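# Structural features, examined
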Amino acid sequence: MTDGAWSATRPGLAPREVATHCPYCALQCGMTLREDDAGVTVHPRQFPTNRGGLCQKGWTAAELLDHPQRLTTPLVRDPATGELRPASWDTALDRVVAGIRAVQDDAGRDAVAVFGGGGLTNEKAYALGKFARIGLRTRNIDYNGRFCMSSAAAAGMRAFGIDRGLPFPLADLGRADTLLLVGANPAETMPPLVRWLTEQRRGGGKLIVVDPRVTATARQADLHLQPLPGTDLAVANALLHIALTEGWVDRAYVADRTTGFDAVRRSVAAWWPARAEQLSGVPVADLEATARALGTGGRVIILTARGAEQHAKGVDTVSAYVNLALALGLPGRDGSGYGCLTGQGNGQGGREHGQKADQLPGYRKIDDPAAREHVARVWGVPADELPGPGVPAYQLLDSLGTPGGPRALLVFGSNPVVSAPRAARIEGRLRDLDLLVVADLLLSETAALADVVLPTAQWAEEDGTMTNLEGRVLRRRALRPPPPGVRTDLAIISDLAARLATEGCAATDDCAPTDGCAATDDCAATDAAARFPADPGTVFAELRRASAGGAADYAGISWDRIDADDGVYWPCPTEDGPDTPRLFADRFATPDGRARFHPVDHRPAAEEVCATYPLHFTTGRVLAQYQSGTQTRRVAALRRAAPEAYVELHPDLAARLGIDDGDPVRVTSRRGELRAPARLSAGIRPDTVFAPFHYAGAGRANSVTNDAVDPICGMPEFKICAVRVEKA
Ligand code: SF4
């Protein structure tokens, strides 16, 4: 167990500090944590990505360590009163195991599902996938990264044969002659990254931003294209059309390093600029200026983020920008390329080590016989015992409690009641379960619905690794142990595996599996606890073996090497060989080494505006909040800075609707409504309204969003649906 010597005040504590990284976004800014009698303080640290910068979220991250709302004991729902009540770990874990057994005995292994998160360390993501496949033996596992990274991941895989958000170091942004950001707002989502944009522009580079809103990032741009939400793909095709017409396509690169260009050339022939202007609202002159900057610049980088990716055509939209980058000969060229800005803290590593429905560690496919053999060997089980692929996150959540769907769910590091699209429906599905178990450090909106809540350690209380947006593997270091009553996710998984393994054991009624069992030398529980170690270093050593030979190969990455080198870029197959800061210099990760073009065409949003719902609705982030807000909504300074949801609308639209700044408004879609104060801004299109997605209750943006998903990757259409707006 991880219960340590800990007290809230820690009198007489010798000051100590550790070099670690921020708990929030994928920039994973370097920071130093110091602890003394007065508590824990955050100090910025020079690291190659943030260069000493932190945003407000990072500065205030330590406040949650001693937060009064922190969970420090398990909670179990009292069947008589329906209330969550404090319970011992034995009581809570017994309830979980009994519930799992009852559901699986009645409805089969797949009736238990697991839902992970893109904020979990690599070790946890790995252990969770392994626990689902050989502890629970269910195929039903997926994670909230499906809502974040899946479009770019799928497009990258099909074009390059590998999915690493940035295939080059972040520092390359500072050297770019032209930088195109599509649906990205780093000035609010990861402010220290803006230093690279400033450096780029100081060096004479051109920054072009594509976004339906005049965001803090767009305000810094040399050129801002403001398309209608859902038309980014058409904009990309028009840019390639212009590049072809003007002769800016790199014919030699296309011939030597790619396949499939002719089909793309034919498909973009129909996207003459005037047609794209008519659809997107982006003037022809701006399209031409953008294409010229991309086609005639020296070092050129194209980046996409959630604004372009969170659509039911997200994979095709990203593919359109990848096509543009390939046609211009950018990927693999020094200082140039295509990349996506990963969002969640471990959005990169979290999608590599097995918590995705179709995946095994090392970015292996679960339906690949060779991959199954390799991973099964590391796990010590026959390959045919590994379940097959499960279903993507929204499909999984929407099947909970339905006939044939899972009846029990274990949630680690996620809050789908706030973060899932069509959230009221998902909330209902969660309520229909026989058993909902949530491991979290705070009582999130999802935890509040659970039958059992398991209190978990925070980032400063456990060791592990994270993989940042550049594919650089970093060390997360513990400053102090978790408080009494709190366990790490790895310890919880280990405990659950041991208890589940005692099924059918008649040796003793009061088995203490992790301490061994006197009744038998051949104890399944002891074996299971050993198979699921709680020590992150041991888990990482196994992860390295499991990932060896895979696309995301961590075999040569040791914690010591990470310490010595400010992180290690995967793939890194051998301890004494090099890591890979830059991919694609000589070949792509496809069987023939060539990148693949994919012809893609614009299609309308899954839901178009109509007389009843005449406006477009889109969502995004604000600087002072993070994801579903479970943590940041409880930090005083962040709550003051961004206390509640709001609805941003253009003054002309507001005047037409009789709405003044600050008026309470109601945004209604076919799925539900959001109520929040109006915030008038000339920076948004008059046909579009915006709300941040960090808030729960009446201000929950995902009460409104559409649950249509991308047919390739399962990404929901968070970024556009049809609504009406009225004064509430
Ligand atoms: S939230 Fe992101 S940008 Fe802000 S300090 Fe943390 S890692 Fe850096």
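Scroll up a little and you will see the structure.
Right, let's talk about the site of the ligand for a bit. What surrounds the ligand is the set Cys22, Tyr24, Cys25, Gln28, Cys29, Leu54, Cys55, Lys57, Gly58, Met190 and Pro192. Here the shell around the ligand is composed, by residue class, of eight nonpolar, two polar and one charged.

Further remarks concern the sheet that holds strand S3 (residues 39–44). Spatially, S1-S2-S3 is the arrangement adopted by the three strands of the open sheet, whose pairing is antiparallel. Every other strand in the sheet has two partners, leaving strand S1 (16–21) and S3 as the edge strands with one partner each. Recorded for the sheet is a direction-independent mean angle of 25° between the axes of neighbouring strands.

Taken as a whole, this structure holds 48 salt bridges when the rule is applied. Between Arg480 and Asp66 there is a salt bridge, with its nearest N and O atoms 2.7 Å apart. Of this pair, Arg480 sits in the loop between strand S20 (472–476) and helix H18 (489–501) while Asp66 sits in the loop between helix H1 (56–59) and strand S4 (75–77), and the two are 414 residues apart along the sequence. Of the residues examined, Arg480 reaches a relative accessible area of 4% and is grouped as buried. Residue classification places Asp66 among the partly exposed residues on the basis of a relative accessible area of 37%. Arg429 is paired through a salt bridge with Asp398; the nearest N and O atoms lie 3.0 Å apart. Of this pair, Arg429 sits in helix H17 (residues 423–431) while Asp398 sits in helix H15 (residues 393–399), and the two are 31 residues apart along the sequence. Across the pair, exposure class does not vary: Arg429 and Asp398 are buried alike.

Most of strand S2 (residues 30–36) sits out of view: five of its seven residues are buried. Looking at chain direction, S1 and S2 are connected through six bridges and run antiparallel. Across the sheet, residue Thr20 finds its bridge partner in S2, namely Met31. In sequence, S2 turns back onto S3 through a hairpin of two residues.

In this section: the sheet that holds strand S6 (residues 112–116). By definition, the strands of a sheet pair up through backbone hydrogen bonds, in either a parallel or an antiparallel sense. Within the open sheet, the seven strands sit side by side as S5-S4-S18-S17-S16-S6-S7. Their pairing is mixed. Both outer strands of the open sheet, strand S5 (84–86) and strand S7 (141–143), are each paired with one neighbouring strand and no more. Recorded for the sheet is a direction-independent mean angle of 20° between the axes of neighbouring strands. Note that strand S16 (residues 408–412) and strand S17 (residues 435–440) share five bridges and pair parallel. Residue pairing in the sheet places Phe412 in a bridge with Ala439 of S17.

Within the secondary structure, Thr32 is located in strand S2. If sequence neighbours within four positions are ignored, Thr32 has contacts with Glu17, Val18, Thr41, Val42, His43 and Arg45.

With that settled, consider H18. Look at H18: 18 Å from first C-alpha to last across 13 residues, which is about the 18 Å you get at 1.5 Å a residue. By the criterion of burial, H18 is predominantly enclosed, with twelve of the 13 residues buried. The complete set of buried residues in H18 reads Asp489, Leu490, Ala491, Ile492, Ile493, Ser494, Asp495, Leu496, Ala497, Ala498, Arg499 and Leu500.

Quick look at the pairing of strand S26 (residues 673–680) now. Summarising the sheet, strand S24 (residues 647–649) and S26 pair through three bridges and their orientation is parallel. Among the inter-strand pairings, Glu648 is bridged to a residue of S26, identified as Arg679. Relative to S26, strand S25 (residues 664–668) runs antiparallel, the two sharing five bridges. In the sheet register, Val665 faces S26, and the bridge partner there is Ala676. Counting the residues between successive antiparallel strands, the hairpin from S25 to S26 contains four residues.

Moving on, we come to the environment of Ala423. On the secondary structure map, Ala423 appears in helix H17. In the structure, Ala423 is positioned 248 residues away from Arg671 in sequence and 9.0 Å away in space, judged by C-alpha atoms. With residues near it in sequence (within four places) discarded, Ala423 still touches Val417, Arg700, Asn702 and Ser703.

Calculation criteria
- Residues numbered from 1 in each chain as written.
- Predicted model: local features only at pLDDT ≥ 70, side-chain atom pairs only at ≥ 80, totals over all residues.
- Heavy atoms only, no water.
- Near = heavy atom within 4 Å.
- Nonpolar A, V, L, I, M, F, W, Y, C, P; charged D, E, K, R; others polar.
- Pairing = 2+ DSSP bridges.
- Helix = DSSP H or I, 4+ residues; strand = E, 2+ residues; numbered from the N terminus.
- Axes fitted to C-alpha atoms, helices over the stretch in contact; angles between N-to-C directions.
- Salt bridge = Lys/Arg side-chain N within 4 Å of Asp/Glu carboxyl O.
- Buried < 20%, exposed > 50% of the residue type's maximum accessible area, 1.4 Å probe, protein only.
- Contact = heavy atoms within 4.5 Å.
- Expected span 1.5 Å × (residues − 1).

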